[in-house]
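Remarks on the overall topology
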Amino acid sequence: MGIATKDLWVYYDDFAALKSISISIDSKAITALIGPSGCGKSTFLRTLNRMNDSIDGVTVQGDVLINGSNIYGEEINTIALRKTVGMVFQRPNPFPMSIIDNITWALKFHGVKRRRDREEIAAESLKRVGLWDEVSHRLKDPAFALSGGQQQRLCIARAIALQPEIILMDEPTSALDPVAARVVEELLISLKEDYTVILVSHNMEQAARVSDYTAFFLMGELIEHSPTDQLFANPKDNRTEDYITGRFG
Amino acid sequence: MNKRRKLTDKLMTILPILSVLITILPLISISVYLVYKGVQYLNVQFLTELPKPVGQPGGGMANSIVGSGIVVGLAGLIGVPIAVLAGIYLAEYGRKTKLAAVVRFFADVLQGVPSIVIGIVAYAVVVIPMGSFSAVAGAAALAMMLIPFLTRTTEEALLTVPQDVKEAGLALGQPQWRVVLGIVLRSARGPIMTGVMLGIARIAGETAPLLFTALNNRFWHNGLNGPISTLTVQIYNYAISPFTDWNGQAWSGALVLVLLVTGLNILVRTLARSRYSERS
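In every chain, residue numbers begin from 1 and rise along the written sequence. Whichever chain is written first is A, and whichever ligand is written first is 1; the rest continue in order. With pLDDT at 70 or above as the cut-off, local features in this predicted model cover only qualifying residues; side-chain atom pairs require 80 or more to be listed or tallied, and sums for whole chains, interfaces and linings still use all residues.

Numbering goes from the N terminus for both helices and strands, where a helix is a DSSP run of H or I of at least four residues and a strand is a run of E of at least two. Helices and strands together make up the secondary structure of chain B, namely 12 helices and zero strands. Taken along its principal axes, the extent of the C-alpha atoms in chain B is 70 × 65 × 35 Å. Field definition: a residue is buried when 20 or more other C-beta atoms are found within 10 Å of its C-beta, exposed when 12 or fewer are, and partly exposed for counts in between, with C-beta atoms placed from the backbone. The burial tally for chain B puts 40% of its 280 residues in the buried class.

Now for helix 1 (residues 2-38) of chain B. For a helix, the expected span equals 1.5 Å multiplied by the residue count minus one. Between the first and last C-alpha of helix 1 of chain B there are 54 Å, a value that for 37 residues agrees with the 54 Å anticipated at 1.5 Å per step. What is called the bend at a residue is the angle between a pair of axes, fitted to the seven residues leading up to and ending at it and to the seven starting from it. In helix 1 of chain B, a bend of some 30 degrees at B:I24 exceeds every other bend along the element, and B:P26, a proline, comes one to four places later.

A few words now on the confidence of the model for chain B. Summary of the metric used: pLDDT quantifies the predictor's per-residue confidence within the range 0 to 100. Averaged over every residue, the pLDDT of chain B is 93; the share at 70 or more is 98%. Across the interfaces of the predicted complex, the ipTM metric reaches 0.92, alongside a pTM of 0.86.

Moving on to the environment of A:A17. Residues and elements named next belong to chain A. The residue A17 is located in strand 2 (residues 15-25) in this model. For the pair A17 and I167, spaced 150 residues apart in the sequence, the C-alpha separation amounts to 22 Å. Contact between residues is assigned whenever the C-beta positions, reconstructed from backbone atoms, fall within 7 Å. Once residues lying within four places of it in the same chain are set aside, the contact partners of A17 are V10, Y11, Y12, G40, T43 and G220.

Once that is clear, we can look at the sheet that holds strand 2 of chain A. Residue and element names in this part refer to chain A. What makes two strands pair is DSSP finding at least two bridges between them. With antiparallel pairing, the four strands of this open sheet are ordered in space as 2-1-4-5. Only two strands of the sheet have a single neighbouring strand rather than two, namely strand 2 and strand 5 (69-70). Bridge analysis of strand 1 (residues 3-12) against strand 2 gives seven bridges, and the strand direction is antiparallel. The residue bridging I3 from the neighbouring strand is I25, located in strand 2.

On the side of chain A, 22 residues touch chain B, which itself brings 20 residues to the contact. When contributions to the side of chain B that touches chain A are tallied by element, the ones reaching two or more residues are helix 7 (163-171) and helix 8 (176-187) of chain B.

Right, let's get into the pairing of strand 7 (residues 166-170) of chain A. Residues and elements named next belong to chain A. Most of strand 7 sits inside the fold, with five of its five residues counted as buried. Of the two faces of strand 7, the one carrying I166, L168 and D170 and the one carrying I167 and M169 are both buried. Bridging between strand 6 (residues 85-88) and strand 7 involves four bridges; their strand directions are parallel. Paired with V85 across the bridge in strand 7 is I166. When strand 7 meets strand 8 (residues 196-200), the two strands line up parallel, connected through five bridges. From the neighbouring strand, M169 faces strand 8, where its bridge partner is L199.

Turning our attention to helix 3 (residues 99-109) of chain A. Most of helix 3 of chain A sits inside the fold, with nine of its 11 residues counted as buried. For helix 3 of chain A, the complete set of buried residues consists of A:I99, A:I100, A:D101, A:N102, A:I103, A:T104, A:W105, A:A106 and A:L107. Summarising the contacts, the buried residues of helix 3 of chain A are in contact with helix 4 (115-128), helix 5 (132-135) and helix 6 (148-160) of chain A together with helix 8 of chain B. Directly beyond the C-terminal end of helix 3 of chain A, a positive phi value near 95 degrees is found at A:G111.

Residues and elements named next belong to chain A. The strand order across the open sheet built from six strands is 6-7-8-3-9-10, with neighbouring strands paired in mixed fashion. Whereas interior strands pair on both sides, the edge strands pair on one side only; in this sheet they are strand 6 and strand 10 (221-227). Direction aside, neighbouring strands of the sheet carry axes that sit 20 degrees apart on average. Angles shown run from 0 to 180 degrees and are taken between the N-to-C directions of axes, each axis being a line fitted to C-alpha atoms and, for helices, limited to the stretch in contact.

Moving on, we get to the packing of helix 3 (residues 62-93) of chain B against helix 6 (residues 135-159) of chain B. Residue and element names in this part refer to chain B. Contact pair helix 3 / helix 6: the axes reach a minimum separation of 6 Å and the direction vectors enclose 30 degrees. Crossing of helix 3 against helix 6: the hand is right-handed. Under the convention adopted here, Pro, Cys and the residues Ala, Val, Leu, Ile, Met, Phe, Trp and Tyr are nonpolar, Asp, Glu, Lys and Arg are charged, and Gly plus all remaining residues are polar. When its residues are assigned to classes, the contact of helix 3 with helix 6 shows 23 nonpolar, five polar and two charged. Left-handed describes a crossing whose near helix is turned anticlockwise from the far helix by less than a right angle; the clockwise case is right-handed.

What follows deals with the nonpolar core. By definition, a nonpolar core groups buried Ala, Val, Leu, Ile, Met, Phe, Trp, Tyr and Cys residues that are joined through C-beta atoms within 7 Å. Among the nonpolar cores identified, the biggest contains 140 residues, and A:L33, A:I198, A:L199, B:L142 and B:L146 are the most heavily contacted of them. In terms of residue count, the dominant contributor to this core is helix 6 of chain B (16 residues). A:I198 has contacts with A:I25, A:T31, A:L33, A:L45, A:L48, A:I166, A:L168 and A:M169, leaving out every residue within four places of it along the chain.

Given below as structure tokens:
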């Protein structure tokens with residue numbers, strides 16, 4: 001169960017962005033993916049919900065197993081996959097709708113037929129991300145009226161409303177101010193009680209603070225994957241040590 | 001050196017201001033002259049009555065006003081859905097396909113085709129088979145003008161929607177059609193509506209494509225498959241006539257046309273404004 005890849009290669013045309021990644025990711029924990037720009041960590045993240053499908057020239061080889069089934073197998077439909085594997089992006093990207101509609105819009109398609117049920121789920125999700133008290137009196141306001149940090153928490157609420165098992169986060173705090181980032185970070189930590197969280201982060205302090213496991217990527221290769229305190233205190237590989245001590249990247 | 005810099009700076013400030021003035025000068029003078037000439041014959045009778053025979057004073061353009069509304073409205077009903085769907089195809093589904101490249105090329109070429117040529121085409125493909133000049137033929141000609149313009153405008157409007165917003169929709173397990181209809185189209189609603197209004201305003205002012213499609217009618221139209229009067233053709237006929245009161249009525253017709261297009265523009269923009277689409 002959970003997420004595992006075996007000999008995963010991802011190509012952009014001829015360029016190998018990921019080279020033979022084999023990793024097994026623990027459930028109900030936060031795994032941070034770190035590494036310099038262009039190391040393949042975002043590509044890896046987007047492979048897990050097949051978000052790279054829509055990009056031209058991408059080829060995926062090898063196995064990506066989520067709950068035991070290969071998500072690049074023939075019988076997989078991306079709609080069901082993405083219901084199980086949610087995603088939060090770098091820039092808060094609410095839809096051009098009201099706050100509440102941002103959450104209920106996707107639920108409608110996933111079979112929650114009654115409006116009242118959708119609104120109830122939305123309220124639950126907003127409470128879960130700590131946004132309810134801030135927005136309950138203005139659910140019909142446009143989502144763009146919220147602050148950046150609130151928008152990002154709305155996007156997280158939108159993702160968890162579908163009751164996924166896994167949430168992928170692509171640098172979710174890097175577009176936020178430090179105070180808002182802190183709030184989102186604390187939310188992340190609380191999310192691992194219910195979800196498997198995979199977090200791409202450029203910020204090593206953040207990775208050290210919030211994650212249970214850390215995977216270090218470099219030039220498309222997975223260099224090291226260990227419990228976070230171990231990786232930061234006692235890196236096994238020289239390249240990991242160079243990176244976390246700031247010698248490059 | 002410093003003096004020269006300041007002088008250049010001043011000059012480069014004055015030049016754009018001057019250009020703006022030159023740009024809006026024709027607009028202002030047209031508006032002022034149109035009102036000045038147009039109000040003379042503009043009265044209730046002009047808006048509610050049929051034209052009077054030569055020599056008889058009074059009469060109006062009621063049939064032309066209604067006719068323009070019908071022909072332009074019909075052209076919009078045909079053209080807007082086709083153009084918006086074609087724009088969606090170009091921007092979202094077939095972006096890099098050969099078909100899209102061909103469609104783009106012909107849409108661009110078609111926009112440069114003189115409108116009288118469009119009229120001839122509509123005459124050949126609609127009027128001759130139907131056996132009669134008609135409102136439908138006029139609308140078809142105008143739709144032919146509207147579609148290429150609006151297709152490209154819609155495509156460009158959709159391309160401005162950020163990729164990450166579309167991905168957010170897909171990442172929630174939504175099929176592409178739902179993301180396109182629910183998010184992309186909604187995000188681009190403002191610029192698309194602007195395109196629709198510009199297109200409608202442009203075809204509402206066309207005369208040449210209507211000359212041998214909708215033709216003209218001195219009376220109320222008799223169904224959509226018969227000749228129909230439109231403001232532009234009526235203005236043209238009255239303006240080139242040798243009678244002073246017809247010339248004057250042509251000015252009033254022009255004023256009504258401008259007011260109608262402007263009014264429609266304001267109305268649609270107000271109705272279509274969404275408080276959800278502004279990204280702060």
